[in-house]
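# Working through the structure, step by step
Residue strings, one per chain:
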Amino acid sequence: MKNRFQAGLLLIFLSILGVLGYNVWLSETTPPEQNYTDFLADLKNKQIVAVHISGSEIRGEDRIGRKFRTFSPDIPTLMPSLLAAGTTVSAEPPPSLFVQLNPLIFLVIFVAALWRFFSGQSFTGSKIWQDKRFQFRAEPADMKTFADVAGIDEVQDELKEIVDFLKNHEKYNLLGGRIPKGVLLQGPPGTGKTLLARAIAGEALVPFYLIGGSDFVEMFAGVGASRVRELFKLAKKNAPCIVFIDEIDAIGGRRSNGSSSHEEREQTLNALLVEMDGFSSNETVIVIGATNRPDVLDPALLRPGRFDRQLTVSLPNLHGRVKILEVHTRPVTISPALNLTVIAQGIPGFSGADIANLVNEAALTAARQKKQAVEMSDFDQAKDKIMMGLEQKNAAINEKERRIIAYHEAGHAIVARLLPETDSLHKITIIPRGIALGLTQQIPIEQRYTYSLTYLLNRIKVLLGGRIAETIVFHHLSTGAANDIAAATDIASRLVCEWGMSSAIGSTVYRRKQQRFLGSAETGGTFSEATAREIDLEVRRIINDCYAETEKLLRSNNRLIHELAEVLLINETIDAEEMEIVMQCYVNSQKSDKQGPAEQAQIDQSDIDKTEEIPA
Ligand code: ADP
Ligand code: ZN
């Protein structure tokens, strides 16, 4: 579109140049004007050799060869004097209305030409599909097959039928079977919707026409609709084939009530509906639409005979991610020690496109280090890089909220760093991340088979550390710690009920209180109300004790909180190594202050929850 726009500007520029040039030429070729009285005087003196009369205009030449122009109010009375003077007279009829209107007609044609040019049509038949949006995808080089698609088996199975339709459409037509016209694929971006459509074309060996829904919606009314018609004309000519309309919500959005700005979109949608209703069964054109916003689609699109088949393509689960990793590592030399399941476990929420990106990035990382094969460390690095990309760096968080988050995270990190028997600290960040990454929060807890009491209590303290640091510095409670508190309470109650680690309750295993719903509370419990109260008290005691101890620890290292938070505010993300530098500076300054050293512990640290909600 941009190129066409530039070409349009060039055209306008050239036209202006042309008009200017014409004017110059006109003024060069038009002889100087003489007044009528002087002309009559010259005529009387027999100075005029010849005149040419056109309407009231007289052009002539005098004896010396000078050319002139004048206008006569009354040609007929002039004639006798002209003849008497022996002047050669020639004449032509006055210019017709057509000639007088010539510039106006020219202008109208010019504007129309511009209009058609910008709206993508030419006078010599429509060529709009010759640009890049139109893609003919039957060439083997770009052909995809079902072997390239993984992890979405159910959707793929549903679509195999369509491949069969396309391959054997004559047979189906003979039998009079109803061939589906439209399939709507809905699901998040990058889950393989385009890939699937391409694979169907590849499997059935039919042409594939791809167009983005937004390509239909242009600035000039009627263009979208005519493009739709063009597309279907082409598709029918090349049937059987697949027409893939990406982001179909751009045209197929719910029709508004009367707002004129949507008129164009509506016309386009109507054209699409007409085309889809229009083709007969011997024109095997399968239209596949893709959207990640099925909720905004106009219901008319989903009626029988249109996109009556709707399939959901979801983000892959663990198994799916392993399968997709297998597909994308196929052309890559990977180390035999590489475990794809382990990689897949570390990337919950990744789409197929993210995984393709991950493998590519890992291969590049390995190549940069001139390795023979791609190793786990390359995948780790690639993952970090991609995850960083997923972090919404520009999320609108105001400065005060950022400070609170920084102190909150510093609280978690410091507790984790100072207490023994905690998971090691990887990274502290105050950049909010997508929801999907939040799922990794509890992995350290679930991965171990046995936990020591100290580990569990310290885990609670690490979780509480965020809220406590906030309170110490800002003297207020924010809702950002809600998840932490819930997680801490969860550990405390499992400690009491499941793991029998509380001396007050003993080692009896009690069914979790959460498992009792509504009415079943009185009947279904495996313990009495008195025991329930006892458990509640014990859980609260554990939390309160942990809270008090953590608060003491953080208050005695108040300056460290400030230092770490400031570093976080500047760097946004710091890793374990940088954390050690901050710690070292702090310990050194403590020594020189001759104060008691910080409560030092092993270098075994905690992997705190990296995903903190923004305090409301
Ligand atoms: P969508 O159309 O759903 O936004 P695409 O089909 O454009 O997603 O996916 C982009 C790329 O991601 C594909 O070309 C492919 O390399 C990879 N990909 C996505 N989903 C899958 C999948 N299920 N199996 C294999 N590769 C996939
Ligand atoms: Zn937190």
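Just above sits the structure.
Sequence positions are assigned chain by chain, starting from 1 and proceeding in written order. As a convention, the first chain written is A and the first ligand written is 1, with the rest following in written order. Only residues with pLDDT of at least 70 get local features here, since the model is predicted, and only at 80 or more are side-chain atom pairs given and counted; chain-wide, interface and lining totals rely on the full set of residues. Water and hydrogen atoms play no part in the side-chain values, which are based on all heavy atoms of the structure.

### What about the side chain of Asp484?
Every helix listed is a DSSP run of H or I at least four residues long, and every strand listed is a run of E at least two residues long, numbered separately from the N terminus. Residue position: Asp484 is located in helix H19 (residues 482-497). Here a polar contact means two N or O atoms within 3.5 Å. Within protein one must be a hydrogen donor candidate and the other an acceptor candidate, and residues neighboring in sequence count only if both atoms are side-chain atoms. For Asp484, the side chain forms a polar contact with the side chain of His412, separated by 3.0 Å.

### Examining the sheet that holds strand S2 (residues 57-62)
The pairing criterion is simple: DSSP has to find at least two bridges between the two strands. Strands sit in the order S3-S2-S1-S4 across an open sheet of four strands; the sheet is mixed. Among the strands making up the open sheet, the edge pair consists of strand S3 (67-71) and strand S4 (88-92). Each strand axis lies, on average, 20° off the axis of its neighbour in the sheet, ignoring direction. Pairing of strand S1 (residues 48-54) with S4, which is carried by five bridges, proceeds in the parallel orientation. Following the sheet pairing, His52 is matched in S4 by Ser90. Interaxial angles span 0 to 180 degrees and are taken between N-to-C directions of axes, which are lines fitted to C-alpha atoms, for helices over the stretch in contact.

### Re the site of ligand 1
Any residue with a heavy atom positioned within 4 Å of a molecule or strand is treated as near that molecule or strand. Looking at ligand 1, there are 16 residues lining it, with Ala150, Gly190, Lys193, Thr194 and His328 nearest. With respect to ligand 1, the backbone of Gly190 contributes an N or O atom lying 2.7 Å from an oxygen atom. In this structure, Gly192 approaches ligand 1 through a main-chain N or O atom, which is 3.1 Å from an oxygen atom. Protein contact buries 80% of the 550 Å² of open area that ligand 1 shows by itself. Where the shell around ligand 1 is concerned, the elements lending two or more residues are helix H7 (193-204), helix H12 (318-329) and helix H14 (352-368). Just so you know the grouping, Ala, Val, Leu, Ile, Met, Phe, Trp, Tyr, Cys and Pro go in nonpolar, Asp, Glu, Lys and Arg go in charged, and all remaining residues, Gly too, go in polar. Split into classes, the residues belonging to the shell around ligand 1 amount to eight nonpolar, six polar and two charged. Each of domain 2 (129-312) and domain 3 (332-388) gives at least three residues to the shell around ligand 1. Per-residue accessibility takes into account occlusion by the displayed protein chains alone, with areas from the Shrake-Rupley method and a 1.4 Å probe. Each domain's extent is set by a domain assignment, obtained either automatically or from a database.

### So, the pattern of salt bridges
Where charged atoms of side chains with opposite charge meet at close range, the side chains can pair. Basic side-chain nitrogens of Lys or Arg form a salt bridge, by our definition, when they fall within 4 Å of a carboxyl oxygen of Asp or Glu. If you walk through the whole model with that rule in mind, you get 20 salt bridges. A salt bridge links Lys371 to Asp378; the nearest nitrogen and oxygen atoms lie 2.9 Å apart. For every residue, the accessible area (1.4 Å probe, protein chains only) is compared with the maximum for its type, and the residue is labelled buried under 20%, exposed over 50%, or partly exposed between those bounds. By relative accessible area, Lys371 is classed as partly exposed at 24%. Taking relative accessible area as the criterion, Asp378 reaches 0% and is therefore assigned buried. One salt bridge connects Glu549 with Lys461, and the closest N-O pair in it is separated by 2.6 Å. Separated by 88 residues along the polypeptide, Glu549 in helix H21 (residues 529-556) and Lys461 in helix H18 (residues 453-474) bring together distant segments of the chain. Taking the relative accessible area as the measure of exposure, Glu549 reaches 45% and is therefore partly exposed. Through salt bridges with shared partners, a single ionic network connects Glu33, Glu57, Arg59 and Arg69.

### Observations regarding the sheet that holds strand S8 (residues 285-291)
The strand order across the open sheet built from five strands is S6-S7-S8-S5-S9, with neighbouring strands paired in parallel fashion. On the outer flanks of this sheet lie strand S6 (208-212) and strand S9 (309-312), each paired with one strand and no other. This sheet shows a mean twist of 20° between the axes of neighbouring strands, independent of strand direction. By the bridge criterion, four bridges tie strand S5 (residues 182-186) to S9 in an arrangement that is parallel. By the bridge assignment, Leu184 is partnered in S9 with Gln310.

### Describing the side chain of His412
Considering the arrangement of structural elements, one finds His412 in helix H16 (residues 399-418). Polar side-chain contacts of His412 include one of 3.0 Å to the side chain of His408.

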